[in-house]
Amino acid sequence: MSSSLSNQIASLLLEMLEDEGTTEIRRNDLAQTFGCVPSQINYVISSRFTPERGYIVESRRGGGGYVKITRVSLDFPTAIMHAVNSVGLSIDSLTCRACILNLLSRGVLSEEEAKLILSAVDDSALRPVPPEYRDAARASILKQMLLAAAPEKSKIDNKN
C-alpha cells in the first residue's frame with residue numbers, strides 16, 4: 001500500500017476524530033471513497049490507531065463491517081496506568097517508542113521525561129542484555145520509569 005494513500009486515509013480518520021474524539025466508519029464505504037480494498041483500511045487502522053498511540057478500536061465484520069475508533073482521553077495517573085498495563089511482559093523498540101511519543105504528544109510526559117525514558121529503553125542502553133531478553137528488560141524499565149513519573153506514586157500499585 002502506498003504511503004501516500006495510507007497518509008490520506010489516516011488524515012481523514014484523524015479529522016473525523018477531532019470534534020468528538022470518536023468516529024464510526026464502514027470499511028467498504030471508506031474503501032470506495034479512496035478506491036482501495038477494505039483490507040487497506042484495516043491496515044491503516046491497525047498500524048496507526050493502536051492502544052499504544054491512545055486509541056481504542058472496536059470492529060464488527062459482516063454487512064460491510066464497521067469500525068469505531070475512540071481517542072482515549074485520560075487524566076494523568078490514569079493515562080500512565082493505561083500505558084503501564086498495555087505494555088505487558090515485553091515490548092519491542094518501535095512499539096515502546098510509539099507509546100512514549102504518544103504520552104509526550106498528549107502532555108502526559110514532558111519532553112525531558114520522554115527523552116530520558118527513550119534513552120533508557122534504547123537498544124544501545126540494553127546492549128549488555130542478551131538479545132532474546134531485551135524486549136522483556138525494556139518493558140520492565142519502561143513500566144518502572146512511567147510509574148516513577150506518576151504523581152502520588154505511593155498510591156499506585158507498583159507490582160507490575
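All of these numbers come straight from a predicted model, not from anything done at the bench. (Residues numbered from 1 in each chain as written. Predicted model: local features only at pLDDT ≥ 70, side-chain atom pairs only at ≥ 80, totals over all residues. Heavy atoms only, no water.)

A. Representation of empty space enclosed by the protein. A complete count under the given rule lists one cavity of 30 Å³ or more for this structure. Considering only enclosed or pocket space, the largest cavity measures out at about 60 Å³ in volume. What lines the largest cavity is a set of 10 residues, among which Pro 51, His 82, Ala 83, Asn 102 and Leu 103 lie closest to the centre. Those elements giving two or more residues to the lining of the largest cavity turn out to be helix 4 (76-87) and helix 5 (93-105). A per-class count over the lining of the largest cavity returns five nonpolar, three polar and two charged. (1 Å grid on protein atoms, 1.4 Å probe; cavity = no way out; pocket = protein on both sides within 12 Å on 5 of 7 lines; lining within 4 Å. Points joined across faces, edges and corners; volume = space filled by probe spheres on them. Helix = DSSP H or I, 4+ residues; strand = E, 2+ residues; numbered from the N terminus. Nonpolar A, V, L, I, M, F, W, Y, C, P; charged D, E, K, R; others polar.)

B. Up close: the pattern of salt bridges. Under the criterion given, the structure shown has four salt bridges. Residues Glu 111 and Lys 115 are paired through a salt bridge, measuring 3.6 Å at the closest nitrogen-oxygen approach. Of the two residues, Glu 111 and Lys 115 both sit in helix 6 (residues 111-121), four residues apart, roughly one turn of that helix. A single burial state applies to Glu 111 and to Lys 115, both of which are exposed. The residue Asp 123 makes a salt bridge to Arg 138 at a minimum N-O spacing of 2.9 Å. One end of the pair, Asp 123, is in the loop between helix 6 and helix 7 (131-149); the other, Arg 138, is in helix 7, with 15 residues separating them in the sequence. Note on Asp 123: relative accessible area 35%, which makes it partly exposed. The network of salt bridges with common partners includes Asp 123, Asp 135 and Arg 138. (Salt bridge = Lys/Arg side-chain N within 4 Å of Asp/Glu carboxyl O. Buried < 20%, exposed > 50% of the residue type's maximum accessible area, 1.4 Å probe, protein only.)

C. The arrangement of a negative patch on the surface in detail. A cluster of acidic residues, Glu 15, Glu 18, Asp 19 and Glu 20, forms a negative patch on the protein surface. Assignment of secondary structure puts Asp 19 in the loop between helix 1 (3-18) and strand 1 (22-26). Asp 19 gets classed as exposed once you look at its relative accessible area, which sits at 74%. (Patch = residues over 30% accessible without salt bridge, like charges linked within 9 Å, V, L, I, M, F, W, Y side chains within 5 Å. Areas by Shrake-Rupley, 256 points an atom, 1.4 Å probe, with all protein chains shown as cover. Lys, Arg positive; Asp, Glu negative; His and termini not counted. Charge placed at Lys NZ, Arg CZ, Asp CG, Glu CD.)

D. Main features of the packing of aromatic side chains. By the definition in use, this model includes one aromatic pair. Each ring, one from Phe 49 and one from Tyr 55, has its centre 4.9 Å from the other, and the planes form 70°; the classification is edge-to-face. Summarising the burial analysis for this pair, Phe 49 and Tyr 55 share the class buried. Arg 71 extends its terminal NZ or CZ atom over the ring of Tyr 55, reaching a point 5.0 Å from the ring centre. (Phe/Tyr/Trp six-rings, centres within 6.5 Å; stacked < 30°, edge-to-face > 60°. Lys NZ or Arg CZ within 6 Å of the ring centre and 35° of its normal.)

E. Spatial organisation of the confidence of the model for the protein. Looking at the protein as a whole, the pLDDT averages 84, with 89% of positions reaching at least 70. The least confident element of the protein is helix 4, whose mean pLDDT is 81; the most confident is helix 6, at 95. Counted against residues more than four places away or in other chains, residues 152-160, with its pLDDT under 50, gives 14 contacts. (pLDDT = per-residue confidence, 0-100. Contact = heavy atoms within 4.5 Å.)

F. Focus on the sheet that holds strand 3 (residues 66-71). Spatially, 1-3-2 is the arrangement adopted by the three strands of the open sheet, whose pairing is antiparallel. The open sheet has two edge strands, strand 1 and strand 2 (55-60), and neither has a second partner. Averaged over all pairs of adjacent strands, the angle between their axes in this sheet comes to 15°, without regard to strand direction. Inspection of the sheet shows strand 2 paired to strand 3 by six bridges, in the antiparallel sense. Bridge assignment links Ile 56 to a residue of strand 3, and that residue is Thr 70. Lying on the sheet, helix 1 is in contact with strand 1, strand 2 and strand 3; it crosses strand 1 at an angle near 135°. Its contacts with the sheet place helix 2 (residues 27-34) against strand 1, strand 2 and strand 3, and it is angled at close to 80° to strand 1. (Pairing = 2+ DSSP bridges. Axes fitted to C-alpha atoms, helices over the stretch in contact; angles between N-to-C directions.)

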